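This is what each chain is made of:
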Amino acid sequence: MDALISSFSRHHSFKDHNRKNLFDHLFKKRPDADREKNMSGCELRTSPSECSCSKKSLYCNHRNLRKVPLLLPQNVQELDLSGNKLHILQKSDFPELRHLNTLLLTSSEVTLLKTEAFGNLMYLKQLYLTNNRISVITNGTFWSNTNLKLLVLSHNPLSVLSSGAFVGLLNLEDLDLRECGLQTLPPSVFDDLPRLSSL
């Protein structure tokens with residue numbers, strides 16, 4: 001991780017207050033940390049039978065799903081697909097969800113993100129891809145995700161980051177690449193992240 005921070009620092013001004021932000025980021029709670037305490041009535045227009053609902057959050061986690069459920073509600077704000085067997089994600093897996101802020105795909109056996117995999121989720125702000133089997137991030141994967149602020153890719157066997165892996169992430173502030181095993185980085189890989197403050 002020190003090597004990644006050093007590489008980032010050569011391209012950006014990584015000051016002491018940013019190091020504090022990084023520490024805070026590493027130890028902050030996931031969105032689902034207090035879920036059991038906060039469950040309440042469903043406010044979604046529809047809900048797939050394989051999922052549960054609380055307010056405007058949809059929980060389809062640990063359901064042995066092999067594909068993203070069909071007919072996701074248009075007003076969903078948080079979607080948890082963690083703990084499934086999704087393998088390959090592509091743009092057609094997700095309908096256009098204008099209100100979706102947070103997407104959790106932790107430990108879902110994802111091996112491949114196709115170009116613009118999240119292209120229909122243009123208003124997404126937080127994306128958790130922790131502990132999957134992703135080895136490559138290709139050019140244009142996040143091209144349409146200009147509103148994304150947090151991207152968590154920790155604990156993936158990443159071996160290749162293309163030079164344009166993060167093109168489109170104009171508002172990204174936090175990027176988590178812990179325990180990814182990256183040995184080298186393209187010289188300009190962080191140049192497309194003008195607002196990045198925590199790595």
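By the naming in an unreviewed UniProt entry, the protein chain goes by Leucine-rich repeat transmembrane neuronal like protein and is assigned to Argiope bruennichi.

> For unusual backbone geometry, give the residues involved together with the corresponding values.
Despite not being glycine, K55 shows a phi value in the positive range, around 50 degrees. Structurally, K55 can be placed in the loop between β1 (52–54) and β2 (57–59). Assessed through its relative accessible area of 45%, K55 is described here as partly exposed. Positive phi outside glycine occurs at H62, with the angle close to 55 degrees. Along the polypeptide, H62 turns up in the loop between β2 and β3 (78–80).

> Please set out the UniProt feature "domain: LRRNT" (unreviewed entry) in the protein chain residue by residue, giving values where relevant.
UniProt annotation of "domain: LRRNT" (unreviewed entry) refers to residues 46–78 when read in the numbering used here. Between the end C-alpha atoms of residues 46–78 there is a gap of 14 Å, over a span that is 0% helix and 21% strand.

> Go over the state of the cysteines with me, naming the residues and quoting the values.
In total, this model carries two disulfides according to the counting rule given. Shown here is the disulfide that connects C42 with C53, its sulfur atoms set 2.1 Å apart. The chirality of the disulfide connecting C42 with C53 is right-handed, given an S-S dihedral of about 90 degrees. Of this pair, C42 sits in the loop between α3 (35–38) and β1 while C53 sits in strand β1, and the two are 11 residues apart along the sequence. For C42, a relative accessible area of 42% translates into the label partly exposed. Look at C53 and you get buried, because its relative accessible area is 14%. In this model C51 forms its disulfide with C60; the gap between the sulfur atoms is 2.0 Å. Linking C51 and C60, the disulfide has an S-S dihedral of approximately 105 degrees and is accordingly described as right-handed. Sequence-ordered numbering of the bonded cysteines in the protein chain gives a pairing of 1-3, 2-4.

Thresholds applied
- Residues numbered from 1 in each chain as written.
- Predicted model: local features only at pLDDT ≥ 70, side-chain atom pairs only at ≥ 80, totals over all residues.
- Heavy atoms only, no water.
- Helix = DSSP H or I, 4+ residues; strand = E, 2+ residues; numbered from the N terminus.
- Buried < 20%, exposed > 50% of the residue type's maximum accessible area, 1.4 Å probe, protein only.
- UniProt positions renumbered as here; feature names shortened; annotations may be inferred.
- Disulfide = S-S within 2.5 Å.

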